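# Residue-level structure breakdown
Listed below, chain by chain, are the residues.
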Amino acid sequence: MHLPSAASLLLAALSLPLASAGKDHGHGKKQGLNTLAKKAGLKYFGSATDSPGQRERAGLEASYAKYDQIMWKSDEFGQTTPTNGQKWLFVEPAPGIFNFTEGEIVASKAKKHGKHLRCHALVWHSQLAPWVETTEWTKETLRAAIVRHITKVAGHWKGRCYAWDVVNEALNEDGTWRESVFYKVLGEEYITLAFKTAAKVDPNAKLYYNDYNLELPGAKVEGAKRIVKMLQKQRVKIDGMGLQAHLVAEWGSPADIDRHIEVMRGFGSLGVEVALTELDVRLQTPYNATNLALQKRSYKNIVGACVQVKECIGVTIWDFYDPFSWVPYVFPGEGAPLLWFEDFTTHPAYDGVVEALTNKTRRTPSKPAKGPRSSRFLRD
């Protein structure tokens, strides 16, 4: 955890008064975030989205028209991820009974509007159908259940997913294995089995390991590298590392960009691509000029790092509209983590992202870059 100094807080607040918030983007803007991202050499800048009327979106139907215009009909986003509809709880609610309705809501819109689709998530300890956790498994029966699940789910969307998050959040913070139902029965074998099966079912999809708190160097990053090396040693296909990037504005540091770059290059050195897969930056609420400025810095640093690392191929924010965020439901007293406020004006962080995508990000002088900068990122 790196808390900013009082001086840096004051400078941040003075540099960005609260009145600067509230710009209206998504309507009549010359170049959206996806256009800028592609010009910077990324494959996409995207936003996850959920099913209308469900979960955080329930009761907010009055906002849907403007939301949909920005999500689907502007050039802000060139990619999407269903935040919930492809998870085990929804697609296999009972053993061998599959329901793809929720996942198709987002997947079909992505196809209609020409957006890249990142698919999420095949094997995860959370949001499981209850039967998965209550069944008394043997190694043989759990292997069969994993293979059946991946075969049916990845098979249903075969050819439509740019990438799959094959295994999600398999690590503890110290880099050791999470004691999930899968690990307790099969050990690390379940990870190998999941990737082998996904590669067989949809050989053209990029296969990712996805986790949070992988944005700064540490034991968990080393654990994620261990997963990549383990699969590569067994000649099992793994194509990417997903950095969820659920960040906290008040914990950030000006030097974080260097550390983000170090992590991304470290994964890239193993021969896998990198993506920011669930980016948001939560704040203490009610927000103010100071923490909005810190949020802008965090967004600018993490997106700027991605632009500077050739292996980082894209950015997905975990929805773009504050009222649809998961954060206030999980972290009381925190919220406003996205780029659009409730009234559809944009956070100062939106401009931070624009700056990151248009060559306004620099490494901090205390840690000069090692090796050449990516050819797609040039100084002004």
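A brief look at the structure comes next. (Residues numbered from 1 in each chain as written. Predicted model: local features only at pLDDT ≥ 70, side-chain atom pairs only at ≥ 80, totals over all residues. Heavy atoms only, no water.)

### Description of the state of the cysteines
How we decide: Note on terminology: disulfide denotes any pair of cysteine sulfur atoms within 2.5 Å. Each helix corresponds to a stretch of at least 4 residues labelled H or I by DSSP, and each strand to a stretch of at least 2 residues labelled E; elements are numbered beginning at the N terminus. A simple rule labels every residue: compare its accessible area, found with a 1.4 Å probe on the protein chains alone, to the largest value its type can have, and call it buried under 20%, exposed over 50%, or partly exposed in between.
In the structure shown here, the tally under the stated rule is 2 disulfides. The disulfide partner of Cys119 is Cys161, and the gap between their sulfur atoms is 2.0 Å. With the S-S dihedral at roughly -80°, the linkage between Cys119 and Cys161 falls on the left-handed side. Placement of Cys119 in strand β3 (residues 116-124) and of Cys161 in the loop between α7 (139-156) and β4 (163-168) is noted, with a sequence separation of 42 residues between them. Cys161 matches Cys119 in its accessibility class, with the two residues each being buried. Each sulfur of the disulfide joining Cys306 and Cys312 lies 2.1 Å from the other. Handedness here is read from the sign of the S-S torsion; for Cys306 and Cys312, about -95°, the answer is left-handed.

### So, the pattern of salt bridges
To be explicit about the condition: Salt bridge, as used here, is a side-chain nitrogen of Lys or Arg placed within 4 Å of a carboxyl oxygen of Asp or Glu.
The full count for this structure, using the stated rule, is 16 salt bridges. Among the ionic pairs, Glu104 bridges to Arg160, the shortest N-O distance being 2.8 Å. On the criterion of sequence distance, the pair formed by Glu104 in helix α5 (residues 101-113) and Arg160 in the loop between α7 and β4 is long-range, its members being 56 residues apart. Close ionic contact of Asp256 with Arg259 constitutes a salt bridge, the shortest N to O distance being 3.5 Å. Within this pair, Asp256 and its partner Arg259 are both found in helix α11 (residues 256-268), separated by 3 residues, close to a single helical turn. One exposure class covers both Asp256 and Arg259, and it is buried. Within this structure, Asp50, Arg55 and Glu102 form a network of salt bridges that share partners.

### Notes on the pairing of β3
Our working rule: At least two DSSP bridges between two strands are required for those strands to pair.
Buried residues dominate β3, accounting for 8 of its 9 residues. The pairing of strand β2 (residues 79-80) with β3 spans 2 bridges and is parallel. Looking at β3, one finds that Gln79 is bridged to His116. As defined by bridge partners, β3 adjoins β4 across 5 bridges and the pair is classed as parallel. For His120, the partnering residue across the bridge sits in β4 and is Asp165.

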